[in-house]
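Observations on the three-dimensional arrangement
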Amino acid sequence: MKAVCWYGVHDVRVESVPDPEILNPRDAIIKISTSAICGSDLHLYDGYIPSMKKGDILGHEFMGEVVEVGTGVTNLQKGDRVVVPFTIACGNCFFCERQMWSLCDNSNPNAAMAEALYGQSASGLYGYSHLYGGYAGGQAQYVRVPFADVGPIKVPDNLSDEQALFLSDIFPTGYMAAENCQIQPGDTVAVWGCGPVGQFAIQSAYLLGAERVIAIDRYPDRLQMAKEQSKAEVINYEGQDVVELLKQATGGRGPDACIDAVGLEAHGTSVGATMDKLKQQVRLATDRPHVLRQAIQACRKGGTVSLPGVYGGFLDKVPFGAAFAKGLTFKMGQTHVHKYLRPLLNRIQEGEIDPSFVITHRVGIDDVPHAYDIFKHKEDHCIKVILKPND
Ligand code: NAD
Ligand code: ZN
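Residues numbered from 1 in each chain as written. Chains lettered and ligands numbered in written order. Predicted model: local features only at pLDDT ≥ 70, side-chain atom pairs only at ≥ 80, totals over all residues. Heavy atoms only, no water.

- Under an unreviewed UniProt entry, the name given to the protein chain is Glutathione-dependent formaldehyde dehydrogenase, and the source organism is Dictyobacter aurantiacus.
- Here the protein chain is described in UniProt, under the heading Cofactor (unreviewed entry), as follows: "Zn(2+)".
- Under the Sequence similarities (unreviewed entry) heading, UniProt states for the protein chain: "Belongs to the zinc-containing alcohol dehydrogenase family." (UniProt positions renumbered as here; feature names shortened; annotations may be inferred.)

See the structure below:
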């Protein structure tokens with residue numbers, strides 16, 4: 001089959017690789033109808049995630065048709081059309097039983113590697129390094145789905161692939177980010193990053209009752225989407241003091257919750273920081289504003305900072321004293337996708353949201369390397385790329 005493989009920083013290639021096979025009774029093989037490129041894939045593309053090997057198959061947002069099931073899978077049959085959560089979970093460990101699916105104890109065969117780094121391992125992920133289990137991803141024609149008896153959800157015929165695909169990751173991710181804000185009627189939520197995850201965080205904040213959402217980015221088409229699709233107020237952060245603008249917009253108090261839907265991209269840490277004043281260090285310590293720093297500074301006392309954006313390694317110059325003084329709550333982590341599949345599928349079916357609004361690019365598998373480049377540089381008005389690997 002054809003698959004999109006990682007070869008190094010900014011080097012992904014389409015290759016012929018062996019078809020996947022059933023390895024365990026709880027496996028299924030899916031023929032992929034639609035797959036996507038995620039902002040998280042850019043962290044691999046940029047080389048921020050350790051333990052990638054040359055030839056690893058990328059991709060964790062996919063759906064398709066069941067073509068084979070192991071003897072232990074009784075809830076799925078050949079021919080079923082399913083969407084698959086990007087987190088791999090066993091369904092019966094301490095964490096799965098508590099709905100913390102992305103922290104599953106049994107789905108990462110390389111748990112020791114993760115434990116050495118983080119003290120404990122998280123769940124396995126498709127196409128996301130050996131630290132997360134070394135599973136082959138779904139930017140391919142076929143994929144092996146472990147624990148297929150608990151992960152995939154059947155998609156009703158009346159929904160298109162484009163409407164259902166993002167249940168695999170970015171819709172639940174934006175939704176969990178908003179849910180983590182414990183939004184009360186009348187609340188104002190600030191969202192940094194108007195990429196696909198930010199767009200779903202904005203929509204979800206409104207679904208969960210926010211009165212106002214203020215969206216922050218620097219790409220006009222992404223800000224435009226936030227404004228048109230969700231009626232968010234927008235701030236172009238370039239040349240602006242975002243913290244000050246957010247305070248002004250909220251009568252001096254600050255947003256009730258702040259969502260960082262950016263993560264690693266805005267890192268910068270303190271490299272090159274020469275400013276002497278603490279205030280400047282906190283707000284402007286790098287050539288790029290550090291989102292987490294701004295979120296802590298802007299958030300109102302007693303508010304919540306929710307981080308769907310992916311972080312790795314160490315963070316520098318995080319104003320933790322401010323977070324403590326203001327009594328902030330932090331919520332973060334990989335999304336517990338399994339928990340949200342059914343309720344969010346229902347919301348799509350009831351017409352409350354049509355997730356396909358984020359799609360700007362549709363490509364064949366051979367064009368995926370070019371699509372990574374466009375998506376990385378936000379060229380050609382690119383917001384979300386989907387691919388049809390079998391067309
Ligand atoms: P994306 O790269 O398309 O979007 C990121 C956006 O952030 C861009 O539009 C960029 O211009 C904007 N941005 C950068 N610096 C900024 C700043 N200082 N202020 C405001 N905006 C800024 O990526 P995406 O697909 O939307 O993903 C966003 C993040 O969510 C990534 O870190 C991704 O890894 C993460 N993610 C997490 C999960 C999870 O389970 N927690 C799942 C999917 C994606
Ligand atoms: Zn993703």
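**A few points about the side chain of Asp169**
- Note that Asp169 resides in the loop between helix 4 (161–164) and helix 5 (170–179).
- No salt bridge forms around the buried Asp169; measuring N to O, its nearest opposite-charge neighbour Lys384 is 6.4 Å away.
- Aside from chain neighbours lying at most four places away, what touches Asp169 is Cys38, His60, Glu61 and Phe86. (Helix = DSSP H or I, 4+ residues; strand = E, 2+ residues; numbered from the N terminus. Buried < 20%, exposed > 50% of the residue type's maximum accessible area, 1.4 Å probe, protein only. Lys, Arg positive; Asp, Glu negative; His and termini not counted. Salt bridge = Lys/Arg side-chain N within 4 Å of Asp/Glu carboxyl O. Contact = heavy atoms within 4.5 Å.)

**Remarks on the sheet that holds strand 4 (residues 56–57)**
- Read from one edge of the open sheet, 3 strands run 2-1-4, paired in antiparallel fashion. The open sheet has two free edges, formed respectively by strand 2 (11–16) and strand 4, since each of these has just one partner strand.
- One ladder, built from 2 bridges, connects strand 1 (residues 2–8) with strand 4; its direction is antiparallel. If you follow Trp6 over to strand 4, its bridge partner there is Asp56. (Pairing = 2+ DSSP bridges.)

**Overview of the coordination of the zinc ion (ligand 2)**
- Looking at the zinc ion (ligand 2), the protein donor atoms are Cys38 (SG), His60 (NE2), Glu61 (OE) and Asp169 (OD), and they sit 1.9 to 2.4 Å from it.
- Each of the 4 donor atoms bound to the zinc ion (ligand 2) contributes to angles spanning 87 to 136°, and the resulting shape is irregular.
- Mapped onto the sequence, the residues coordinating the zinc ion (ligand 2) show the spacing C-x21-H-E-x107-D. Taken together, the residues Cys38 in the loop between strand 3 (28–37) and helix 1 (39–45) and Asp169 in the loop between helix 4 and helix 5 connect sequence positions 131 residues apart. (Donors = N, O, S within 2.8 Å, 3.2 Å for Na, K, Ca; no water. Tetrahedral: all angles 85-135°; square planar, octahedral: opposite > 155°, others 65-115°.)

**Let's talk about the site of ligand 1**
- Around ligand 1 sit 34 residues, and of these Ser40, His43, Asp217, Val262 and Lys378 come closest.
- Between Val262 and ligand 1, the recorded distance is 2.8 Å, taken from a backbone N or O atom to an oxygen atom.
- Residue Gln334 places a side-chain N or O atom 3.3 Å away from an oxygen atom belonging to ligand 1.
- Look at ligand 1: alone it shows 870 Å² of surface, and the protein chains cover 98% of it.
- Elements that contribute at least two residues to the shell around ligand 1 include exactly helix 1, helix 6 (196–207) and strand 12 (212–217).
- A total of 4 residues in the shell around ligand 1 trace back to one element, the largest contributor, which is helix 1.
- When its residues are assigned to classes, the shell around ligand 1 shows 17 nonpolar, 11 polar and 6 charged.
- When residues are assigned to domains, the shell around ligand 1 turns out to be shared by domain 1 (2–169 + 335–388) and domain 2 (171–332), each giving three or more. (Near = heavy atom within 4 Å. Polar contact = N/O pair within 3.5 Å; in protein donor to acceptor, adjacent residues only side chain to side chain. Areas by Shrake-Rupley, 256 points an atom, 1.4 Å probe, with all protein chains shown as cover. Nonpolar A, V, L, I, M, F, W, Y, C, P; charged D, E, K, R; others polar. Domains from an automatic or database assignment.)

**Let's talk about helix 5**
- With 9 of 10 residues buried, helix 5 is to be regarded as a mostly interior element.
- Taken as a whole, helix 5 has its buried residues at Ile170, Phe171, Pro172, Thr173, Gly174, Tyr175, Met176, Ala177 and Ala178.
- Summarising the contacts, the buried residues of helix 5 are in contact with strand 5 (61–69), helix 6, strand 14 (257–260), strand 15 (304–307) and helix 12 (337–349).

**Considerations on the nonpolar core**
- Residues Phe166, Phe171 and Tyr372 are the most contacted members of the largest nonpolar core, which totals 76 residues.
- The next biggest cluster of nonpolar side chains, apart from the first, holds 23 residues, and it includes Ile88, Cys96, Cys104 and Val145. (Core = buried A, V, L, I, M, F, W, Y, C linked by side-chain atoms within 4.5 Å.)

**Considerations on the layout of surface pockets**
- Of the volumes computed, that of the largest pocket is approximately 1300 Å³.
- If you go around the largest pocket, you meet 45 residues; those closest to its centre are Tyr132, Tyr311, Met332, Gly333 and Gln334.
- Secondary structure elements with two or more residues in the lining of the largest pocket: helix 3 (111–118), helix 5, helix 10 (291–298), strand 16 (329–332) and helix 12.
- The element best represented in the lining of the largest pocket is helix 3, accounting for 4 residues.
- Among the residues making up the lining of the largest pocket, the classes are represented as 28 nonpolar, 11 polar and 6 charged.
- Residue-level mapping places the lining of the largest pocket at the junction of two domains, with at least three residues from each of domain 1 (2–169 + 335–388) and domain 2 (171–332). (1 Å grid on protein atoms, 1.4 Å probe; cavity = no way out; pocket = protein on both sides within 12 Å on 5 of 7 lines; lining within 4 Å. Points joined across faces, edges and corners; volume = space filled by probe spheres on them.)

**What to know about the packing of aromatic side chains**
- Under the definition given, this model contains 11 aromatic pairs.
- Their ring planes at 35° and their centres at 5.3 Å tell us that Phe171 and Phe200 sit as a pair that is tilted. Remark: Phe200 occurs in helix 6 and Phe171 occurs in helix 5; sequence separation between them is 29 residues.
- For Phe200, a relative accessible area of 0% corresponds to the buried category.
- With centroids separated by 5.8 Å and ring planes inclined at 65°, the aromatic side chains of Tyr175 and Tyr340 adopt a geometry described as edge-to-face. Separated by 165 residues along the polypeptide, Tyr175 in helix 5 and Tyr340 in helix 12 bring together distant segments of the chain. (Phe/Tyr/Trp six-rings, centres within 6.5 Å; stacked < 30°, edge-to-face > 60°.)

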